[in-house]
Amino acid sequence: QRPEALPADLTGRRVLVTAGGTREALDPVRFLTNRSSGKQGVAIARVAAARGAEVTFVAANIHAPDPAGSRVIRVESARQMQEVVTAEAKEADVVVMAAAVSDFRPSNYSGAKIKKTDADPDIVALTKNPDILAGLVRDRTAGALRASTLITGFAAETGDDKHTVIDYARAKLERKGCDLLLVNSVAAGGAFEGDTNAGVVLGSDGTEVTIADGSKTALAARLLDVIAGKLRDRAP
Ligand code: CTP
Ligand code: CA
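Residues numbered from 1 in each chain as written. Chains lettered and ligands numbered in written order. Predicted model: local features only at pLDDT ≥ 70, side-chain atom pairs only at ≥ 80, totals over all residues. Heavy atoms only, no water.

**A look at the coordination of the calcium ion (ligand 2)**
With distances of 2.5 Å, the protein atoms coordinating the calcium ion (ligand 2) are Asp103 (OD) and Asp103 (OD). Mapped onto the secondary structure, Asp103 falls in the loop between strand 6 (94–97) and strand 7 (104–106). (Donors = N, O, S within 2.8 Å, 3.2 Å for Na, K, Ca; no water. Helix = DSSP H or I, 4+ residues; strand = E, 2+ residues; numbered from the N terminus.)

Below is the structure:
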């Protein structure tokens with residue numbers, strides 16, 4: 001079987017992809033995290049590199065093989081990811097924030113392993129983490145990133161009796177101020193650990209591209225089609 005020929009439409013473009021789930025430490029052996037496997041982000045990085053992009057891949061706790069052809073930077077926590085992404089984004093034409101970033105971290109880190117006693121433990125106090133994506137948009141507005149940097153966010157949403165998945169996603173896109181938002185509906189089960197994924201790519205210009213359920217590689221290819229289309233209007 002011959003592999004499908006890939007377009008070289010990302011040649012010379014610098015693409016920064018984050019993936020995985022951040023870990024927020026309580027003590028040297030324990031942490032809070034989420035179910036993100038990182039597979040979707042790995043697929044995006046791999047396909048972008050195969051289409052000619054220079055890819056930097058920021059990996060948070062991923063147990064899948066590194067994407068071929070990418071420069072890989074490993075991080076653990078949201079704050080570490082923010083530091084790396086803020087610096088690396090300055091060199092990027094495209095940022096894809098596929099990582100599941102922990103919204104909160106334990107307010108207090110214990111340098112020594114927390115010991116069990118006879119009493120029930122204290123409630124774990126939490127502090128909000130920085131919003132990395134919103135920070136990138138702020139940096140771009142402030143001129144710390146080039147105005148042409150294309151910023152893509154991810155969102156997993158469920159609808160409810162008042163609003164659809166797309167309603168919530170449109171509101172999130174506006175709140176975050178990014179250019180594109182890839183939305184997964186998680187109502188019908190998890191996109192998190194499986195090997196297939198479906199979604200809708202919302203554009204800040206009002207566009208909406210539906211991606212049918214398929215492999216994470218296929219979704220990566222369709223998302224990169226939308227990104228390559230946006231880049232065509234921007235000088236390399
Ligand atoms: N994100 C980020 N920094 C955070 C949280 C999220 O950069 N601290 C990014 C994610 O990588 C993703 C996008 O923002 O690309 C949307 O994440 P999501 O968790 O859906 O958004 P939140 O604003 O955290 O909203 P929610 O209350 O629905 O979790
Ligand atoms: Ca969140």
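**Examining the sheet that holds strand 12 (residues 208–215)**
In sheet architecture, strand pairing relies on hydrogen bonds along the backbone and comes in two forms, parallel and antiparallel. An order of 5-4-1-6-9-10-11-12 is seen for the eight strands of this open sheet, with the pairing classed as mixed. In this open sheet, the two edge strands, each paired with only one partner strand, are strand 5 (70–75) and strand 12. Neighbour-to-neighbour, the strand axes of this sheet turn through a mean angle of 20°, independent of strand direction. In the sheet, strand 10 (residues 180–185) pairs with strand 11 (residues 196–203) via four bridges, with the strands oriented antiparallel. When the bridges of strand 11 are listed, Leu180 appears paired with Gly203. Running over the sheet, helix 3 (residues 132–142) touches strand 6 and strand 9 (150–157) and is turned about 155° from strand 9. Contacting strand 6, strand 9, strand 10, strand 11 and strand 12, helix 5 (residues 216–232) runs over the sheet at an angle of about 155° to strand 12. (Pairing = 2+ DSSP bridges. Axes fitted to C-alpha atoms, helices over the stretch in contact; angles between N-to-C directions. Contact = heavy atoms within 4.5 Å.)

**Details of the UniProt feature "binding site: CTP" (unreviewed entry) in the protein chain**
Sequence positions flagged by UniProt for "binding site: CTP" (unreviewed entry) are, in local numbering, Asp103, Lys113, Pro130, Asp131, Ile132, Leu133, Phe154, Lys172 and Lys176. On the basis of their most widely separated C-alpha atoms, the annotated residues across 74 residues do not gather in one place, lying as much as 38.2 Å apart. In the annotated group above, the largest pocket draws its lining from Asp103, Pro130, Asp131, Ile132, Leu133, Phe154, Lys172 and Lys176. Turning to its location among the elements, Leu133 is positioned in helix 3. Excluding residues that lie within four positions of it along the chain, Leu133 makes contacts with Met97, Ile151, Thr152, Gly153, Lys176 and Cys178. (UniProt positions renumbered as here; feature names shortened; annotations may be inferred. 1 Å grid on protein atoms, 1.4 Å probe; cavity = no way out; pocket = protein on both sides within 12 Å on 5 of 7 lines; lining within 4 Å.)

**Description of the pairing of strand 2 (residues 24–27)**
Note that strand 2 and strand 3 (residues 30–32) share three bridges and pair antiparallel. Each bridged residue has a counterpart across the sheet, and for Asp27 the counterpart in strand 3 is Arg30. Hairpin connection of strand 2 to strand 3: two residues between the antiparallel strands.

**Observations regarding the layout of surface pockets**
A volume near 1,000 Å³ is recorded for the largest pocket. If you go around the largest pocket, you meet 38 residues; those closest to its centre are Ala99, Ala100, Val101, Asp103 and Phe154. Taken together, the elements giving at least two residues each to the lining of the largest pocket come down to helix 1 (39–50), helix 3, strand 9, helix 4 (165–176) and strand 10. Per-element accounting of the lining of the largest pocket gives the leading share, four residues, to strand 9. Class assignment of the residues belonging to the lining of the largest pocket gives a composition of 17 nonpolar, 13 polar and eight charged. Here the second largest pocket defines a volume of roughly 410 Å³. For the lining of the second largest pocket, the residue count by class is nine nonpolar, four polar and five charged. (Points joined across faces, edges and corners; volume = space filled by probe spheres on them. Nonpolar A, V, L, I, M, F, W, Y, C, P; charged D, E, K, R; others polar.)

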